[in-house]
Amino acid sequence: MASKAEEFSLPMACINRIIKESLPDGTIVSKEAKLALMKATCVFILYSTSVSNEFASKAHRRTLNAEDMFQALEDMELNEFIPDLREMLETNKSSKAKKQTSSRKSKYSEMDPDGDPIESGEVEVMEVEERLQSDDIFSEEPVSGAMGMDNSQKF
Amino acid sequence: MASSNQGTTDKNTNLPISKVKFLMKSAPNPGAISNEALLIATHSAEMFLEKIITEVYEKSDKSKSKKITYQDLARSINENEVYEFLGDIAPLKVNAIEAKEIYARSQETPEQTD
């Protein structure tokens, strides 16, 4: 039972950090209050997901969307969170897109100056061609021979 | 707040995403959870925590003590209708004598409460 109770929890270090950041210096929060806050955030997560699950099932979807979460927050009268969260999502998306493009660029930029990509590409192509040829050699000879024999015998 | 963490893209959230995901999956009728929903849940949980603690601080500031006690938290949670869903998470502390009185009252009028 103890392990189950521990599972429904968040690390206190994170909770402490958030509390510290949102309060002016010098304020003390009792241990009991911190524990209660941790449990409250756990319940908040559980409740918001269950509410948004309802919205998702109403729309006959099985996966939780961002829109479901926003609707749930509206339902919980926490509209004030929504604009900030939307901003966060957009910045996250754009940063991801930047990451992807930058990683692609970096790959190209790493390869271009040395002229390596062309060589490596050629090598790859050559290898593939060799493989194809070898495959052809192995596959064609017996097949053609057998087929030829069969054909010649039949016709 | 988040400005200190803006440089590191993966550590934008203070709460561990894996824990939040576990909590979300243990909610009733768990389905699949999109990454966006997960991000929103973690961030909103953070904002929720900040909101509660700042409210409690503002309320407790009027009394001169600088310490936020459990009783301050429970009072502000029970006063605000937005936190109705927290229900029995943070009940107000009651003396044993008062608890006895409340229990006796509830025993006297069980039909009315129902």
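Just above, that's the structure.
Described below are features of the structure shown in this document.

Here is what the cut-offs are and how they apply
Residues numbered from 1 in each chain as written. Chains lettered and ligands numbered in written order. Predicted model: local features only at pLDDT ≥ 70, side-chain atom pairs only at ≥ 80, totals over all residues. Heavy atoms only, no water. Salt bridge = Lys/Arg side-chain N within 4 Å of Asp/Glu carboxyl O. Axes fitted to C-alpha atoms, helices over the stretch in contact; angles between N-to-C directions. Helix = DSSP H or I, 4+ residues; strand = E, 2+ residues; numbered from the N terminus. Parallel < 35°, antiparallel > 145°, perpendicular 65-115°, else oblique. Contact = heavy atoms within 4.5 Å. Nonpolar A, V, L, I, M, F, W, Y, C, P; charged D, E, K, R; others polar. Phe/Tyr/Trp six-rings, centres within 6.5 Å; stacked < 30°, edge-to-face > 60°. Buried < 20%, exposed > 50% of the residue type's maximum accessible area, 1.4 Å probe, protein only. Buried area = accessible area lost by both parts, 1.4 Å probe. Polar contact = N/O pair within 3.5 Å; in protein donor to acceptor, adjacent residues only side chain to side chain.

Right, let's talk about the pattern of salt bridges for a bit. The tally for this structure, following the rule as stated, stands at 9 salt bridges over all chains. Via salt bridges that share partners, Glu80(A), Lys51(B) and Glu55(B) belong to a single interconnected network.

Bringing the packing of helix 2 (residues 12-22) of chain A against helix 3 (residues 31-58) of chain A into the picture now. All names here are of chain A. Relative to each other, helix 2 and helix 3 sit at 100°, their axes nearing to 10 Å. For the element pair helix 2 / helix 3, the angle class is roughly perpendicular. Residues Met12, Ile15, Asn16 and Ile19 of helix 2 form the contact with helix 3, whose participating residues are Lys34, Leu35, Leu37, Met38 and Thr41. Here the contact of helix 2 with helix 3 is composed, by residue class, of 6 nonpolar, 2 polar and 1 charged.

Using the criterion set out here, one finds 6 aromatic pairs over all chains in the structure. Seen in terms of ring centroids, Phe48(B) and Tyr83(B) are 5.7 Å apart; in terms of plane orientation they differ by 80°. Their pairing is edge-to-face. Note that Phe48(B) is positioned in helix 2 (residues 35-61) and Tyr83(B) in the loop between helix 3 (70-79) and helix 4 (96-108), a separation of 35 residues in sequence. Phe48(B) gets classed as buried once you look at its relative accessible area, which sits at 0%. For Tyr83(B), a relative accessible area of 2% translates into the label buried. Pairwise contacts between aromatic rings join Phe44(A), Tyr47(A), Phe48(B), Tyr83(B) and Phe85(B) into one cluster.

Now for the interface of chain A and chain B. When the parts of a complex come together, some accessible area is lost, and that lost area is often taken as the interface size. On the side of chain B, 49 residues touch chain A, which itself brings 57 residues to the contact. The contact between chain A and chain B buries some 4900 Å² in all, and 75% of this surface belongs to carbon and sulfur atoms. In this assembly, chain A and chain B are joined by 3 salt bridges. Glu80(A) is the partner of Lys51(B) in a salt bridge, and the nearest nitrogen-oxygen pair spans 3.6 Å. Taken together, the links from chain A to chain B amount to 9 residue pairs in polar contact (both at pLDDT 80 or more). Of the residues forming the side of chain A that touches chain B, the biggest block, 16 residues, is contributed by helix 3 of chain A. Looking at the side of chain A that touches chain B residue by residue, the class counts come to 32 nonpolar, 12 polar and 13 charged.

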